[in-house]
Amino acid sequence: MAEPPEPGPHHVLTLLARAERLAARRLRDVLAESGCSLGAWRVMSLLADGEGHGMTAISEWALLPPPTLTRLMDQLVDDGLVHRRVDPLDRRRILAFLTPRGLQRWRALDARVRASWERLPGGGDDELLAALLHRLVARLGESGAVREG
C-alpha cells in the first residue's frame, strides 16, 4: 500500500480540488432531478437573501464568467424566477432579486440539497470544515497572489 503524501500545499490543493469535484458532482445529480443547473442554484442561493445583488457580485459568487452569467440570468428572468431592478443608489447599476416563485423554487431545491448533504457520513464536521475553509479563503485573499475566476 502506498504511503500517503506528506502534508503540504500540493497535498492540500489536491484534496480541495478532489472534494470540490465530488461535491459538485453530487450537487449536480441532486439538482438534475429538478431540472436545475449548478450555476442557477448558485445564483439563486445568493439572491435568496433578498438583498439584491449586482452582476459582478453574482458572477464572483456563482463562479461564472460574465457572458455565461448574462445568458443564465436572461433564462432565469424568462422562467419567472428572477427579476431585475435599477439600484436606487446608483441608477447605472442593475440589481437582481428572486421573484416569489424563484424563492419558492430555491427553497425546494435547498431542502433537497440539505437532505442529500445530511445523508453523508461525518456531517457533524460541517461547522469545523466551514470555519477552516473561510480561514483559508481569507488567507489566500490577503496574500494578493491569487486571482479568483
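About the cut-offs
Residues numbered from 1 in each chain as written. Predicted model: local features only at pLDDT ≥ 70, side-chain atom pairs only at ≥ 80, totals over all residues. Heavy atoms only, no water. Pairing = 2+ DSSP bridges. Helix = DSSP H or I, 4+ residues; strand = E, 2+ residues; numbered from the N terminus. Patch = residues over 30% accessible without salt bridge, like charges linked within 9 Å, V, L, I, M, F, W, Y side chains within 5 Å. Areas by Shrake-Rupley, 256 points an atom, 1.4 Å probe, with all protein chains shown as cover. Salt bridge = Lys/Arg side-chain N within 4 Å of Asp/Glu carboxyl O. Lys, Arg positive; Asp, Glu negative; His and termini not counted. Charge placed at Lys NZ, Arg CZ, Asp CG, Glu CD. Phe/Tyr/Trp six-rings, centres within 6.5 Å; stacked < 30°, edge-to-face > 60°. Lys NZ or Arg CZ within 6 Å of the ring centre and 35° of its normal. Buried < 20%, exposed > 50% of the residue type's maximum accessible area, 1.4 Å probe, protein only. Expected span 1.5 Å × (residues − 1). Arc of directions from axis to C-beta. Contact = heavy atoms within 4.5 Å. Axes fitted to C-alpha atoms, helices over the stretch in contact; angles between N-to-C directions. Parallel < 35°, antiparallel > 145°, perpendicular 65-115°, else oblique. Nonpolar A, V, L, I, M, F, W, Y, C, P; charged D, E, K, R; others polar. Core = buried A, V, L, I, M, F, W, Y, C linked by side-chain atoms within 4.5 Å.

Please explain the sheet that holds strand β2 (residues 82-87) as it appears in this structure.
Read from one edge to the other, the open sheet built from three strands follows the order β1-β3-β2, with strand pairing classed as antiparallel. Looking at strand neighbours, the two that pair on one side only are β1 (53-54) and β2, the edges of this open sheet. By the bridge criterion, two bridges tie β1 to strand β3 (residues 90-98) in an arrangement that is antiparallel. Bridged to Gly54 within β3 is Leu95.

Got a minute to help me understand a negative patch on the surface in this structure?
Side chains of Glu118, Asp125, Asp126 and Glu127 sit close together on the surface and give a patch of like negative charge. Tracing the chain through its elements places Asp125 in the loop between α5 (100-118) and α6 (126-143).

Is there a simple way to think about the packing of aromatic side chains in this case?
Aromatic ring pairs are described here by two measures, namely the spacing of the ring centres and the angle between the planes. Tallying each qualifying case throughout the model produces zero aromatic pairs. Taking NZ or CZ as reference, Arg85 lies 4.2 Å from the ring centre of Phe97, over its face.

Would you mind showing me how to read the pairing of β2 here?
Along a regular strand, successive side chains alternate from one face of the sheet to the other. Judged from the six bridges that link them, β2 and β3 form a sheet pairing that is antiparallel. Looking across to β3, one finds that Val86 is bridged to Ile94. Linking β2 to β3, which pair antiparallel, is a turn of two residues.

I tried to follow the pattern of salt bridges on my own but got confused; where do I start?
Between side chains of opposite charge, a pair can form when the charged atoms approach closely. For the coordinates displayed, the defined rule picks out six salt bridges. Between Asp87 and Arg93 there is a salt bridge whose closest N-O contact spans 3.0 Å. Using a relative accessible area of 6% as the deciding quantity, one classes Asp87 as buried. Assessed through its relative accessible area of 37%, Arg93 is described here as partly exposed. One salt bridge connects Arg92 with Asp90, and the closest N-O pair in it is separated by 3.0 Å.

Would you take a moment to explain helix α4 (residues 66-78) for this structure?
Each turn of an α-helix holds 3.6 residues, which means side chains three or four residues apart point in the same direction. With 13 residues, α4 extends 18 Å between its outermost C-alpha atoms, agreeing within 8% with the 18 Å of an ideal straight helix rising 1.5 Å per residue. Turning to α4, its buried residues are Leu69, Leu72, Met73 and Leu76. The buried residues of α4 occupy an angular sector of 100° when projected down its axis, which confines them to one face. Facing away from the buried surface of α4 by more than 90 degrees, the exposed residues are Pro67, Arg71 and Asp78. On the buried face of α4, the contacting elements are α2 (38-47), α3 (55-62), β2 and β3. Of the residues flanking the end of α4, it is Gly80, one or two places downstream, whose phi is positive at about 75°.

Teacher, can you tell me more about the packing of α3 against α4 here?
When two helices pack together, their arrangement is given by the angle between the helix axes and by the axis-to-axis distance. Running from amino to carboxyl end, α3 crosses α4 at an angle of 105°, the nearest separation of the two axes being 10 Å. Here α3 is positioned roughly perpendicular relative to α4, judged by the angle of their axes. Taken together, the residues of α4 that come into contact with α3 (itself represented by Met55, Ile58 and Ser59) are Pro66, Leu69, Thr70 and Met73. Of the residues that constitute the contact of α3 with α4, the class distribution is five nonpolar, two polar and no charged.

When you look at the nonpolar core in this model, what are you seeing that I'm missing?
For soluble globular proteins, the rule of thumb is that nonpolar side chains tend to be buried together. Grouped together as the largest cluster of nonpolar side chains are 26 residues, with contacts concentrated most on Leu31, Trp41, Val43, Ile58, Met73, Leu76 and Val82. Put simply, the parts of the chain that give this core at least two residues each are α1 (9-32), α2, α3, α4, β3 and α5. For this core, the leading source of residues is α2, giving seven residues. When sequence neighbours within four positions are dropped, the list of residues in contact with Leu31 reads Cys36, Ser37, Leu38, Trp41, Leu109 and Val113.

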